[in-house]
Amino acid sequence: QVQLIESGGGLVQAGGSLRLSCAASGRTFSSYFMGWFRQAPGKEREFVAAISWNGGTTSYADSVKGRFTISRDNAKNTVYLQMNSLKIEDTAVYYCAAHRSFNRLLVGSAEYWGQGTQVTVSS
């Protein structure tokens, strides 16, 4: 069993930055591929970024490439999402997710989900 708790969301002006964190419980964190997804009001949840168990492989949605960076610290059981040059369209609830299959995670399937953290970007 893995529990995921996100933090770091908030209100930021366009062009600003935020760093989201996702703390995982359990001793098998390093066995999981980790990802970030987001859901804006009235829209379906969408993939944002994912990272392999050792951090050696990452994947990003085209909409965030060059602006967002996913990373992880297995010693701290934590995955991060550094978000720079934020845009109004980045406003959404951001969810942390875990799966033992990278390919399954990329298509939005997760074994575990966090409760989400709100990110609001204002003009």
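Every chain begins its residue count from 1, and numbering advances along the sequence as written. In keeping with the model being predicted, local features are shown solely for residues with a pLDDT of at least 70 and side-chain atom pairs are shown and tallied solely at 80 or more, while totals for entire chains, interfaces and linings include all residues. In computing side-chain values, all of the structure's heavy atoms are included and hydrogens and water are not.

Undergrad: A description of the overall build of the protein chain should follow, citing residues and the corresponding values.
TA: Only runs of H or I of at least four residues qualify as helices and only runs of E of at least two qualify as strands under DSSP, and these elements are numbered from the N terminus. Check the secondary structure of the protein chain and you find one helix and eleven strands. Element order for the protein chain, N to C, with α for helix and β for strand: β-β-β-β-β-β-β-β-β-α-β-β. Taken over C-alpha atoms, the radius of gyration is set against a globule rule of 2.2 Å times the number of residues to the power 0.38. Here the protein chain has a C-alpha radius of gyration of 13 Å; the compact-globule value for 123 residues is 14 Å, and the two agree. Along the first, second and third principal axes, the C-alpha set of the protein chain runs to 40 × 25 × 25 Å. Across the 123 residues that make up the protein chain, the buried fraction comes to 46%. Here, residues are in contact when the closest pair of their heavy atoms is within 4.5 Å. In the protein chain, the share of contacts with a sequence separation of at least 24, taken over all contacts with a separation of at least 6, comes to 58%. Whether a residue is buried, partly exposed or exposed follows from its accessible area with a 1.4 Å probe, protein chains only, as a fraction of its type maximum: under 20%, in between, or over 50%, in that order.

Undergrad: Break down the nonpolar core for me, citing the residues and quoting the values.
TA: In this description, a nonpolar core means a group of buried Ala, Val, Leu, Ile, Met, Phe, Trp, Tyr and Cys residues linked to one another through side-chain atoms lying within 4.5 Å. Counting 38 residues, the largest nonpolar core has Leu4, Met34, Trp36, Val79, Leu81, Met83 and Tyr94 as the members making the most contacts within it. Those residues within four positions of Leu81 in sequence are excluded, and the remaining contacts are Leu18, Arg19, Leu20, Trp36, Val48, Ala49, Phe68, Thr69, Ile70 and Tyr94.

Undergrad: Let's hear about the environment of Gly108: which residues, and what values?
TA: Considering the arrangement of structural elements, one finds Gly108 in the loop between α1 (102-106) and β10 (112-113). Given a relative accessible area of 31%, Gly108 falls into the partly exposed group. A sequence separation of 73 residues divides Gly108 from Gly35, and the C-alpha atoms of the two residues are 9.0 Å apart. When residues no more than four places from it in sequence are discounted, the contact partners of Gly108 are Phe37 and Trp113.

Undergrad: Quick one: what's the story with unusual backbone geometry, residue by residue and with numbers?
TA: Residue Asn77 is not a glycine yet carries a positive backbone phi of 50°. Note on placement: Asn77 falls in the loop between β7 (68-73) and β8 (78-83). Despite not being glycine, Ser85 shows a phi value in the positive range, around 50°. You can see Ser85 is positioned in the loop between β8 and β9 (92-99). By relative accessible area, which is 41% here, Ser85 ends up partly exposed.

Undergrad: Just give me the short version of the state of the cysteines, but keep the residues and values in it.
TA: The disulfide criterion is simple: two cysteine sulfur atoms within 2.5 Å. Evaluated as defined, the whole model comprises one disulfide. With a sulfur-sulfur separation of 2.1 Å, Cys22 is cross-linked through a disulfide to Cys96. The chirality of the disulfide connecting Cys22 with Cys96 is left-handed, given an S-S dihedral of about -85°. A residue pair is termed long-range when its members are at least 10 positions apart, and Cys22 in strand β3 (residues 18-24) and Cys96 in strand β9 qualify at 74 residues. Judged by relative accessible area, which is 0%, Cys22 ranks as buried. Looking at Cys96, the relative accessible area reads 0%, which means it is buried.

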